[in-house]
Structure formats: structure tokens, C-alpha cells
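Coordinate analysis (summary)
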Amino acid sequence: MRDRRSSGVGAGIGGLAAAVGLRAAGWDVTVLERDADTRGAGAGISLWSNGLRALDLLGVGDTIRAHGPLTGQGGIRTGTGRWLSRSSGERLHTDNDLGVLILHRAELHSCLLAALPRGAVRTGATVVDVEQTDSSATVIHRTEHAGQQRLTAALVVVADGVRSRVRAAILPRAGAPAYAGFTAWRGVTGDRCALPRQSESWGRGAVFGLTQLPDGRVYWFATANERPGGRHADERAEVLRRFGSWHPPIGEIVRSTDPEAVLRHDIYSHPRPLAEFTLGRVALLGDAAHAVTPNLGQGGGLALEDAVVLASELAGDGPVSRALARYDAARRPRAERISALSQRIGRLAQAENPILTTLRDTLVALTPSTVSARSLARTAAWRPPSPGPGGSGPMRQDDAS
Ligand SMILES: Cc1cc2nc3c(=O)[nH]c(=O)nc-3n(C[C@H](O)[C@H](O)[C@H](O)COP(=O)(O)OP(=O)(O)OC[C@H]3O[C@@H](n4cnc5c(N)ncnc54)[C@H](O)[C@@H]3O)c2cc1C
């Protein structure tokens, strides 16, 4: 009988989603996670229609949708609060079949975890390398108690994030991710706060975003052009120093956030996704394969798409190598397009030059919201392969972006 054991590296959004999909496709999965828990970082995440469709195929779409309504009621403002553009949530849904659900990352993680059997994820296991033969792949990992261990399977799914150690080990020529030129802070208010409309405010070399979580708290993020590696003892104070004088309710929202819970990450991405997403019996997915800047809010969605496509291709009894070749061919062009688009938007949003920012703001103000909605809709128009994990079928990617 064919070996259908799979080992996963990393229990982030992509690794967990791949494990759920592969199980549905008849694989026996074990996921190794470096951290001691799998809660996911403590901030929000936006899931667009494409990510939600992928979650539907993984069987958890309804659970995720139950967290709250789709939104879309948003807009772009200047740092002083002048609206440059506003979008109607209803129009996004009805005219463009487009919606976005904002929820806490921990909820997405726990929903994916709950779809796996107990013991499928082993925490506190740091993967250091993968070795392969023609018929199997072995994950070499370390745990605090047992030291170095080996786990052999027919397939290895590498989803250990943007700084993927395994990618560096097995594809040394792939190169390291590049600093995108800006750093990001994220936080969630401790209490409920009413936010009439979600917004992204663009200044000079800085952006501040506000979104309502379904439970009434507010998820915010801020970005600023900075050299990488800078850190402050009190990151919340640093956010207030930079953004406290921007329009209300930014200062109030940041002050309502526990200073200990403010996250800061320098943004790294692959300016070009890898030349191949697979190597022998190893498939890379999510940020390990194609970290994109966060400007489109699509990194997690792409990881979910990868997971369902991979599971769908591996559902049949054909050779793993052919399934992985089809996965690679299906995913690379889309990741490349989203990556390039995200970088373009990032350059615009993080522009610093005063002439350029005035031009940018004028352009945004003059662009009808229907045009921006259509562009977003094209990005989120991805449809999962049919009929999905557990059955084989032709791939369908209605992506016009
Ligand atoms: C500021 C910011 C805002 C964002 N906002 C959004 C958004 O709104 N919507 C969206 O869709 N995306 C968003 N993203 C992108 C999204 O977070 C990522 O694309 C997504 O988390 C990628 O998932 P992943 O599973 O590939 O990697 P990760 O989520 O990074 O998970 C990798 C996992 O692997 C583990 N790991 C690492 N190394 C090892 C090892 N050696 N051995 C074992 N385990 C290991 C890690 O502990 C982690 O659990 C944002 C990103 C940033 C930085």
C-alpha cells in the first residue's frame, strides 16, 4: 500500500491548513512546531473572499464566518482625517462578490487546530533540516527533552514562515527575504470601542489602520519607514509618539491597548517568490515560499489557497512528484502576481516625498471607489480547485489579477 504519511514543519496558518486539507485527502499528518504553543500572534487578520473559500473547502468556513459579518465598509484617509476614498460594504458584496472578515488570529488558529486530531501537532520541536531519498523524506528536529530526532514520511510540507530555516537548508541558492523598508506595529484594544468605519490613514512614510473585530474590540496596525532592527522598551509609547497627533480616534485606540501586547515586526518579503515551490518530496507553502508585504492583507489568504491546492493535488493515488509539480505550476504565477501588486501598493502607501504624497492623495481621491473595488475583487476572485481535498479534479483558478 502507498505510504500516505506526511510531516509538516510549522503550525502557523499555512501549516495547520495544509494538515487539515491533507487529512481530508487521506493522509496521516504530523506537524512539528518550534513554539511551545500554537496560539498565533495576538493581533487581527483580514480574510478576503479567496481565503474564506479556501476555508470552506477545508470544512471550517462556517465556523470562521460565525465569528462575525463580512465587512468592506472602509476607506482611505490622510493623517489629518480627510477622507480620500470610501467604500460601501454592500456594494462590495453585491456588485463584486467580495467581502472581508476581520478576526483575531488566535481564533483562526484554534479553529484550524480543532479540525485536527489530538497529537497531530507536536510543539517544542524545532526542525533543522530535511533529508531525502527517492522514496521518503526525513525531518530532522530537536526537542528540549529528547534532543535530536528524525521523522520519516512520504511527504514533507514546509511552512515555517518568512525566515524559513528549512528553505535556507534545502534551497541555499533561493536567497534570504529582503527588508521591505518599513516596520509594523500591531495591537488590539483591551475593551470594546465603537468604530464607525474601518480606515487606513496614509501619511508621509507612515500608515495607520483601524478595523473593528467582531467582538467589539479594535485591531489596529501602524507602519513606518525605518531602518530594520530598531526596538523600544515601550513600543506603545513609540506608536503614540509617531501617530498620537493623527486624527481621532487613533490616540485613544492606542492608549486603550495593553503596552505589553503591542507587537512589532520589521517587514520582510520575497521581492520575487522562489523559482520552485517543491524539491523532491518537499513542498513549500505560505510565507516560506512567497512572503508578500502586508499591504493587500493577502499573505494568510495565499497560504490557505496553497494548502487546499496542495491537498487537492495529493488526493489521488498518482506519484507524489507529479502532484507536487502540478501544485508548483498552479501556485507560483498567482503568488508572483500578488507579491508584485502588494509591493506596488506598499511603495505608494509608504511614499515619503511630499510632491509624491500630494499626487498620490489626489489620485486616490479622484479614483472612483468602484474602480478600487473591482481591482480588489480581481485579487480575491480565486476559486478553489474542484471538487477539493478528498477527491481529484481539474484545477480552476479564476484569477484575473
Ligand atoms: C504586520 C502584518 C500584518 C498582516 N496582516 C495580514 C492580514 O490582515 N491578512 C492576511 O491574510 N495576512 C496578513 N499578514 C501575512 C500573514 O501573517 C502571513 O502571510 C501568514 O501568517 C503566513 O502563514 P505561514 O503559516 O506561512 O507562516 P507563519 O504564520 O509565520 O507560521 C510559521 C510557523 O512555523 C513555526 N516555525 C518557524 N521555524 C520553525 C522551525 N525551524 N521548526 C518548527 N517550526 C518552525 C513558527 O513558530 C510558526 O508557528 C500580515 C503580516 C504582517 C507581518
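As shown above, the structure is provided for reference.
None of these values were measured; they are calculated from a predicted model.

Re the pairing of strand 5 (residues 83-87)
Where strand 4 (residues 74-78) meets strand 5, four bridges bridge the pair, whose relative direction is antiparallel. Residue pairing for strand 5: isoleucine 76 is matched across the bridge by serine 85.

Looking at the side chain of arginine 197
Mapped onto the elements of the fold, arginine 197 is located in the loop between strand 12 (178-188) and strand 13 (199-202). Residues within four places of arginine 197 in sequence aside, it is in contact with Gln73, Gly74, Trp83, Arg86 and Ser87.

Quick notes on the pattern of salt bridges
Side chains that carry opposite charge are capable of pairing whenever their charged atoms lie near each other. Going through the model one piece at a time under the given rule, you end up with 17 salt bridges. In this structure, aspartate 3 engages arginine 5 in a salt bridge whose closest nitrogen and oxygen atoms are separated by 3.0 Å. Since its relative accessible area comes to 39%, arginine 5 is described here as partly exposed. Across the pair arginine 231 and aspartate 266 runs a salt bridge whose closest N-O atoms are separated by 3.7 Å. Of this pair, arginine 231 sits in the loop between strand 15 (218-225) and helix 7 (235-243) while aspartate 266 sits in strand 16 (residues 263-269), and the two are 35 residues apart along the sequence.

As for the packing of aromatic side chains
Taken as a whole, this structure holds five aromatic pairs when the rule is applied. Ring geometry for phenylalanine 208 against tryptophan 220: centres 5.6 Å apart, planes inclined by 15°, an arrangement best described as stacked. Taken together, the positions of phenylalanine 208 in strand 14 (residues 206-212) and tryptophan 220 in strand 15 put the pair 12 residues apart, joining distant regions of the chain. Classification of tryptophan 220 as buried rests on a relative accessible area of 0%. Among the aromatic side chains, those forming a connected cluster through ring pairs are Phe208, Trp220, Phe243 and Trp246. The ring of tyrosine 268 carries arginine 163 above its face, with NZ or CZ at 4.4 Å from the centroid. A cation sits over an aromatic face here: arginine 197 above tryptophan 83, 5.7 Å from the ring centre.

A short note on the environment of proline 368
Along the chain, proline 368 turns up in the loop between helix 12 (354-366) and helix 13 (369-379). For proline 368, a relative accessible area of 44% translates into the label partly exposed. The spacing of proline 368 and serine 87 is 281 residues in sequence and 9.2 Å in space, taken between C-alpha atoms.

What about the sheet that holds strand 13?
Spatially, 5-4-13-14-15-12-16 is the arrangement adopted by the seven strands of the open sheet, whose pairing is mixed. Where the open sheet ends on each side, the last strands, each with one partner, are strand 5 and strand 16. Going across the sheet, the axis of each strand differs from the next one's by a mean of 15°, ignoring polarity. Of the strand pairs in this sheet, strand 12 and strand 16 are connected by six bridges, and their pairing is antiparallel. When the bridges of strand 16 are listed, alanine 178 appears paired with serine 269. The strands touched by helix 7 are strand 12, strand 14, strand 15 and strand 16; relative to strand 12, the strand with the most contacts, the crossing angle is about 105°.

A look at the nonpolar core
In this structure, Trp27, Leu55, Ile64, Leu112 and Leu314 are the most contacted members of the largest nonpolar core, which totals 68 residues. Considering each element in turn, this core owes the most residues, seven residues, to helix 1 (residues 13-24). Leave out the neighbours within four places in its chain, and isoleucine 64 touches Leu47, Leu52, Leu55, Leu101, Leu103, Glu107, Leu108 and Cys111. By size, the runner-up hydrophobic cluster in this structure holds 17 residues, among which are Trp185, Val239, Trp246 and Ile250.

Observations concerning the site of the ligand
In the neighbourhood of the ligand, 30 residues make up the surrounding shell, with Gly14, Glu33, Ser46, Arg105 and Gly300 lying closest. A distance of 3.2 Å separates an oxygen atom of the ligand from a polar atom in the backbone of isoleucine 13. In this structure, an oxygen atom belonging to the ligand sits 2.8 Å away from a main-chain N or O atom of glycine 14. Within the complex, 87% of the 1,000 Å² of free accessible area of the ligand lies under protein. Breaking the shell around the ligand down by element, the ones donating at least two residues are helix 1, strand 3 (44-48), strand 8 (125-132), strand 12 and helix 10 (299-313). Partitioned by chemical class, the residues of the shell around the ligand number 10 nonpolar, 13 polar and seven charged.

Comments concerning the packing of helix 1 against helix 10
It is at 8 Å that the axes of helix 1 and helix 10 come closest, and there the two elements cross at 25°. Taken together, the axes of helix 1 and helix 10 lie roughly parallel to each other. Considering how the two elements wind past one another, helix 1 and helix 10 form a crossing that is right-handed. The residues of helix 10 that touch helix 1, namely those facing Ile13, Gly14, Ala17, Ala18, Gly21 and Leu22, are Gly300, Ala303, Leu304, Ala307 and Ala311. Residues that form the contact of helix 1 with helix 10 fall into these classes: eight nonpolar, three polar and no charged.

A word on a nonpolar patch on the surface
Together, Ile355, Leu356 and Leu359 make up a nonpolar patch on the protein surface, roughly 330 Å² of accessible area in all. Structurally, leucine 356 can be placed in helix 12.

Thresholds, definitions, all that
Residues numbered from 1 in each chain as written. Predicted model: local features only at pLDDT ≥ 70, side-chain atom pairs only at ≥ 80, totals over all residues. Heavy atoms only, no water. Pairing = 2+ DSSP bridges. Helix = DSSP H or I, 4+ residues; strand = E, 2+ residues; numbered from the N terminus. Contact = heavy atoms within 4.5 Å. Salt bridge = Lys/Arg side-chain N within 4 Å of Asp/Glu carboxyl O. Buried < 20%, exposed > 50% of the residue type's maximum accessible area, 1.4 Å probe, protein only. Phe/Tyr/Trp six-rings, centres within 6.5 Å; stacked < 30°, edge-to-face > 60°. Lys NZ or Arg CZ within 6 Å of the ring centre and 35° of its normal. Axes fitted to C-alpha atoms, helices over the stretch in contact; angles between N-to-C directions. Core = buried A, V, L, I, M, F, W, Y, C linked by side-chain atoms within 4.5 Å. Near = heavy atom within 4 Å. Polar contact = N/O pair within 3.5 Å; in protein donor to acceptor, adjacent residues only side chain to side chain. Areas by Shrake-Rupley, 256 points an atom, 1.4 Å probe, with all protein chains shown as cover. Nonpolar A, V, L, I, M, F, W, Y, C, P; charged D, E, K, R; others polar. Parallel < 35°, antiparallel > 145°, perpendicular 65-115°, else oblique. Left-handed = near helix turned anticlockwise from the far one by under 90°. Patch = residues over 30% accessible without salt bridge, like charges linked within 9 Å, V, L, I, M, F, W, Y side chains within 5 Å.

Keep in mind that these numbers describe shape and distance, not what the molecule does.
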